[in-house]
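Residues per chain are reported as follows:
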Amino acid sequence: YAAMVYSLDENVGRILAKIDELGQTSNTLLIFISDNGGFISRWENQVVTSNYPLRSGKGALYEGGVRIPMIVRFPGITKPGTICDQAVSTMDIYPTILDALGIENTEGLSSPDGESLFSLFKDPDATLNRKYLFWHYPHYYVPNATPSSSVRYKEWKLIEFFEDGHIELYNLNDDPGEEFDLAEEFPGKAWELQQVLKNWREKVGAQLPSDNPEL
């Protein structure tokens, strides 16, 4: 694992050096991001890494599995050293690149599910137009995760687990480590977000887990 991190660091450096060498630094947008949180399952009975203070890791819909850093360098647009707290998604990268290139999403290009982050690059205090972020992972993949869906609205996050249908509700501003399930304390908010999540699954035709007839 350490060797892989070292190799990644080394090769990102090679890419940056080549961009400098070609004289393209001033007009190149760089986006460095992961597609999921760190892998926390044991390998040969050794702990690989930790996502503390976030809960769980890769394969789960807790913050340790979905919250990752995103680093952007866009000379003349982004200001070095600034931090943006707006929640974004990898699905935003495609429309962001189109926006950066001045290309409209015309007929012939698939309609992007994400939203351009160009406004955030220019102003880290800006906000996006969407209300919700959704995740859907109806699989068994790692020991720390079971099939589930989740939705985030501002500081609120709801997770619905398909094995038994139970839900969990968290306030990420107060509890980023998702230690305190607030579903019983705020049943109205839990019900509201669960309906939003169900409606979204129906709208996009999200596949749900089903019984394996061979088991």
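These lines cover the structure that appears in this document, whether it is placed above or below. Treat the numbers as computed from the prediction; the structure is a model and nothing was measured.

## Some points on the overall build of the chain
When helices and strands are counted, the chain shows five helices and six strands. Going from N to C terminus, the chain has its helices and strands arranged as α-β-α-β-α-α-β-β-β-β-α. Each principal axis of the C-alpha distribution contributes one length, and for the chain these read about 55 × 45 × 40 Å. In the chain, of all internal contacts separated by at least 6 residues, the share reaching a separation of at least 24 is 50%. Roughly 14,200 Å² of accessible area belongs to the chain as shown, and the carbon and sulfur atoms make up 52% of that amount.

## Considering the side chain of N36
Tracing the backbone through its elements, the reader meets N36 in the loop between β1 (30–33) and α2 (63–66). Residue classification places N36 among the buried positions, given a relative accessible area of 18%. Look past the residues within four positions of N36 in its chain and what remains in contact with it is K58, G65 and I68.

## Considerations on the nonpolar core
Membership of the largest hydrophobic core is limited to 11 residues, which are V151, Y153, W156, L158, L169, L182, A183, A190, L193, V196 and L197. Of all the secondary-structure elements, those providing two or more residues to this core are β4 (148–153), β5 (156–161) and α5 (187–204). Per element, the largest residue contribution to this core is four residues, and it comes from α5. If near-sequence neighbours (up to four positions away) are discounted, V151 is found in contact with Y132, L133, F134, W156, K157, L158, L193, V196 and L197.

## With respect to the pattern of salt bridges
Per the counting criterion, the structure on display carries seven salt bridges. One salt bridge in this structure joins R67 and E63, with 2.7 Å as the shortest N-O distance. Because the salt bridges share partners, they merge into one network encompassing E63, R67, K157 and E178.

## With respect to the pairing of β4
Counting buried residues in β4 gives six out of six residues, a clear majority hidden from the surface. Here β4 shows no split at all, with S148, S150 and R152 on one side and S149, V151 and Y153 on the other all buried. Pairing geometry for strand β3 (residues 132–137) and β4, over six bridges, is antiparallel. When the bridges of β4 are listed, L133 appears paired with R152. Note that β4 and β5 share six bridges and pair antiparallel. Bridged to S149 within β5 is E160.

## Considerations on the packing of aromatic side chains
Applying the stated criterion to the full structure yields seven aromatic pairs. Ring geometry for Y132 versus F134: centroids 6.0 Å apart, planes at 40°, classification tilted. Residue classification places Y132 among the partly exposed positions, given a relative accessible area of 21%. Judged by centre distance (4.6 Å) and plane angle (0°), the rings of F134 and W200 are stacked. Here W200 lies in helix α5 and F134 lies in strand β3, a separation of 66 residues in the sequence. The partly exposed category is assigned to F134, whose relative accessible area is 22%.

## Quick notes on the sheet that holds β4
The strands that make up a sheet pair up through hydrogen bonds in the backbone, lying either parallel or antiparallel. Spatially, four strands are ordered β3-β4-β5-β6 in an open sheet, and the strand pairing comes out antiparallel. Whereas interior strands pair on both sides, the edge strands pair on one side only; in this sheet they are β3 and β6 (167–171). Neighbour-to-neighbour, the strand axes of this sheet turn through a mean angle of 15°, independent of strand direction. Sheet analysis places β5 next to β6, joined by five bridges and oriented antiparallel. Its bridge partner being in β6, I159 is matched across the sheet by E168. Against the sheet, α5 contacts β3, β4, β5 and β6, and its axis sits at roughly 65° relative to β5.

What counts and what doesn't
- Residues numbered from 1 in each chain as written.
- Predicted model: local features only at pLDDT ≥ 70, side-chain atom pairs only at ≥ 80, totals over all residues.
- Heavy atoms only, no water.
- Helix = DSSP H or I, 4+ residues; strand = E, 2+ residues; numbered from the N terminus.
- Contact = heavy atoms within 4.5 Å.
- Areas by Shrake-Rupley, 256 points an atom, 1.4 Å probe, with all protein chains shown as cover.
- Buried < 20%, exposed > 50% of the residue type's maximum accessible area, 1.4 Å probe, protein only.
- Core = buried A, V, L, I, M, F, W, Y, C linked by side-chain atoms within 4.5 Å.
- Salt bridge = Lys/Arg side-chain N within 4 Å of Asp/Glu carboxyl O.
- Pairing = 2+ DSSP bridges.
- Phe/Tyr/Trp six-rings, centres within 6.5 Å; stacked < 30°, edge-to-face > 60°.
- Axes fitted to C-alpha atoms, helices over the stretch in contact; angles between N-to-C directions.

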